[in-house]
Each structure stands twice: as C-alpha cells, then as structure tokens.
Amino acid sequence: MEQIGAAALPVIVGVILLFGFFKDVDVFDAFVSGAKEGIKTTIGLLPTLIGLIVAVNMVKASGLLEALCALCGPLVQGLGVSPEVLPLALLRPVSGSGSSAYTLSLLEQFGPDSETGKIASVLASSTETTFYAVTVYFGAVGCKKLRYTLPAALAGDCMAVVLSVVTVKFFAQI
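Keep in mind it's a predicted model, so treat the numbers as computed, not measured.

**Student:** Help me out: how do you make sense of the pattern of salt bridges in this one?
**Tutor:** Note that side chains of opposite charge can pair when their charged atoms are close. The full count for this structure, using the stated rule, is one salt bridge. In this structure, Lys 169 and Glu 115 form a salt bridge, with 3.2 Å as the shortest nitrogen-oxygen distance. Of this pair, Lys 169 sits in helix α8 (residues 149-173) while Glu 115 sits in helix α6 (residues 115-126), and the two are 54 residues apart along the sequence. Given the relative accessible area of 25%, Lys 169 is considered partly exposed. Using a relative accessible area of 35% as the deciding quantity, one classes Glu 115 as partly exposed.

Structure below.
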C-alpha cells in the first residue's frame, strides 16, 4: 500500500505532461509562469500574514486570553461545561496551530473519551481559523472592506462552539 502512495506523484506528473503534450501546451513555460504568479501572491500576502502572526503572539503574551477565560469561566462552569475548553473556543478563530496544540494537551490531560476531550475534538473540527482565512482570502484579492464577512464568520464560530457542547451532551445521554 505504501508503494502505491509513493508512485502516485510521479504518475500524476506523467499524466499532466502527457496531457500537455497532446494538447500542444508548453508545460514547462506554464509551470514557470504559474510559479512566478504564486510568488507574487505570496509576497503580496506576506505583510498581512506577518501582522496576523504578531497580533496572535501579542494576544498570547499580553495575558488577554487568560483574562477573557477568567471573565467567562464562571458562566461556562454554570452551564456545566469544563472551563478548560474555553481557551480552545477563544483561540481557534485566531490560531490553527495554537488551537491544535491546545486540543492535543486537553486530550492528553482528560483523555479522548472524556466529555472535555469529546467537546474539544468536536469544537476543533467544526470551527475555522476565521482571522487567518479572512486574512489570506481577502488579502489575495486585495479586498480591504470586510463588511459582513467577519461578523458572520465569528457568529458561525460561536454557533459551532454552542453546538459542539450541545451535541456532545446530547449523545452522552443516548
């Protein structure tokens, strides 16, 4: 099975080359022009991505995440949810790698079959790194006005948090 996976890439490249040959396309020139366009796009997105990374690190280093968790913690506990899930809910829209690492630590600490582990798993897989996605997609097309996109995306993330908890608690009853 591993050999099939290793052979897949050369087969795909070969099919592309054959397709280009039969369609009379200069495949190498098409590749080079695509690579040039990709580099231009990357350079155009770089300042925005650097700004996002700096903002994420500032939020982590400033203690804002911990302050928000302390503020919302009693409300979450009152709803019968483990307060350890709250940092994941707040971190997920901002940082994919940070939220993945935090999800892993929750799974190691509480176990994947615990309610906290299940909520963390559902939450991590049903939410989006909203700020990263908006930064990349809107930055790629040069759009500066987010208008309704960001509020709608964050509302979707909030609903995903609520429904993650509700879903796990509902299926625990069955």
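Back to the write-up after that little detour.
**Student:** I keep staring at the nonpolar core and nothing clicks. Help me out?
**Tutor:** The nonpolar side chains of a soluble globular protein tend to be buried with one another. Counting residues in each nonpolar core, the largest one holds 15 residues, and the members touching the most others are Val 81, Leu 88, Ile 119 and Leu 123. Among the secondary structure elements, those contributing two or more residues to this core are α3 (64-78), α4 (86-91), α6 and α8. Contacts of Leu 88, omitting those with residues within four sequence positions, involve Ser 99, Tyr 102, Thr 103, Leu 106, Ala 120 and Leu 123.

**Student:** Can you walk me through the packing of α6 against α8 in this structure?
**Tutor:** Think of two packed helices as two axes; the pair is described by the angle between the axes and how far apart they sit. Contact geometry for α6 and α8: axes closest at 9 Å, N-to-C directions at 140°. It follows that α6 is oblique to α8 by the angle criterion. Classified by chirality, the crossing of α8 by α6 is right-handed. Along the contact surface, α6 presents Glu 115, Lys 118, Ile 119, Val 122, Leu 123 and Ser 126, while α8 presents Ala 160, Val 161, Ser 164, Val 165, Val 168 and Lys 169. Across the contact of α6 with α8, the residue classes tally to seven nonpolar, two polar and three charged.

**Student:** What is the right way to look at the side chain of Ser 164 in this model?
**Tutor:** As for its position among the elements, Ser 164 is in helix α8. Relative accessible area serves as the criterion here: at 1%, Ser 164 is assigned to the buried category. A polar atom in the side chain of Ser 164 sits 2.6 Å from the backbone oxygen of Ala 160.

**Student:** Would you mind going over the packing of aromatic side chains with me for this structure?
**Tutor:** In this description, a pair of aromatic rings is defined by centroid distance and the angle of the planes. Scanning the model with the defined rule gives two aromatic pairs in all. An angle of 75° between the planes, with centres 5.3 Å apart, marks the rings of Phe 170 and Phe 171 as edge-to-face. On the basis of relative accessible area, Phe 171 is assigned to the exposed category, the value being 54%.

**Student:** Honestly, helix α5 (residues 96-110) in this entry has me stumped. Any pointers?
**Tutor:** Three- or four-residue spacings in an α-helix give side chains the same orientation, since the helix completes a turn every 3.6 residues. A rise of 1.5 Å per residue sets the reference length of α5, with its 15 residues, at 21 Å; its end C-alpha atoms lie 21 Å apart and thus fit the reference within 8%. Among all positions of α5, only Gly 98, Ser 99, Thr 103 and Leu 106 are buried. Angularly, the buried residues of α5 cover 135° about the axis, an arc narrow enough to put them on a single face. Every exposed residue of α5 that faces more than 90 degrees away from the buried side is listed here: Ser 97 and Glu 108. Next to the buried residues of α5 lie α2 (27-62), α4 and α6. If you check the start of α5, you find a side-chain oxygen 3.0 Å away from the backbone N of Gly 98, and it comes from Ser 95. In the segment just after α5, Gly 111 is the residue with positive phi, at about 90°.

**Student:** Would you take a moment to explain helix α1 (residues 2-22) for this structure?
**Tutor:** In a regular helix each residue adds 1.5 Å, so 21 residues correspond to 30 Å; α1 covers 31 Å between its end C-alpha atoms and thus fits that length. Helix geometry: α1 is bent most strongly at Ala 8, by close to 30°, with proline Pro 10 lying one to four residues after it. In terms of residue burial, α1 counts as a barely covered element, since only one of its 21 residues are buried. Asp 24, located one to two residues past α1, shows a positive phi value of around 60°.

Reading guide: rules and limits
Residues numbered from 1 in each chain as written. Predicted model: local features only at pLDDT ≥ 70, side-chain atom pairs only at ≥ 80, totals over all residues. Heavy atoms only, no water. Salt bridge = Lys/Arg side-chain N within 4 Å of Asp/Glu carboxyl O. Helix = DSSP H or I, 4+ residues; strand = E, 2+ residues; numbered from the N terminus. Buried < 20%, exposed > 50% of the residue type's maximum accessible area, 1.4 Å probe, protein only. Core = buried A, V, L, I, M, F, W, Y, C linked by side-chain atoms within 4.5 Å. Contact = heavy atoms within 4.5 Å. Axes fitted to C-alpha atoms, helices over the stretch in contact; angles between N-to-C directions. Parallel < 35°, antiparallel > 145°, perpendicular 65-115°, else oblique. Left-handed = near helix turned anticlockwise from the far one by under 90°. Nonpolar A, V, L, I, M, F, W, Y, C, P; charged D, E, K, R; others polar. Polar contact = N/O pair within 3.5 Å; in protein donor to acceptor, adjacent residues only side chain to side chain. Phe/Tyr/Trp six-rings, centres within 6.5 Å; stacked < 30°, edge-to-face > 60°. Expected span 1.5 Å × (residues − 1). Arc of directions from axis to C-beta. Bend = angle between axes of the 7 residues up to and from the residue.

These values are about where atoms sit, not about what they do.
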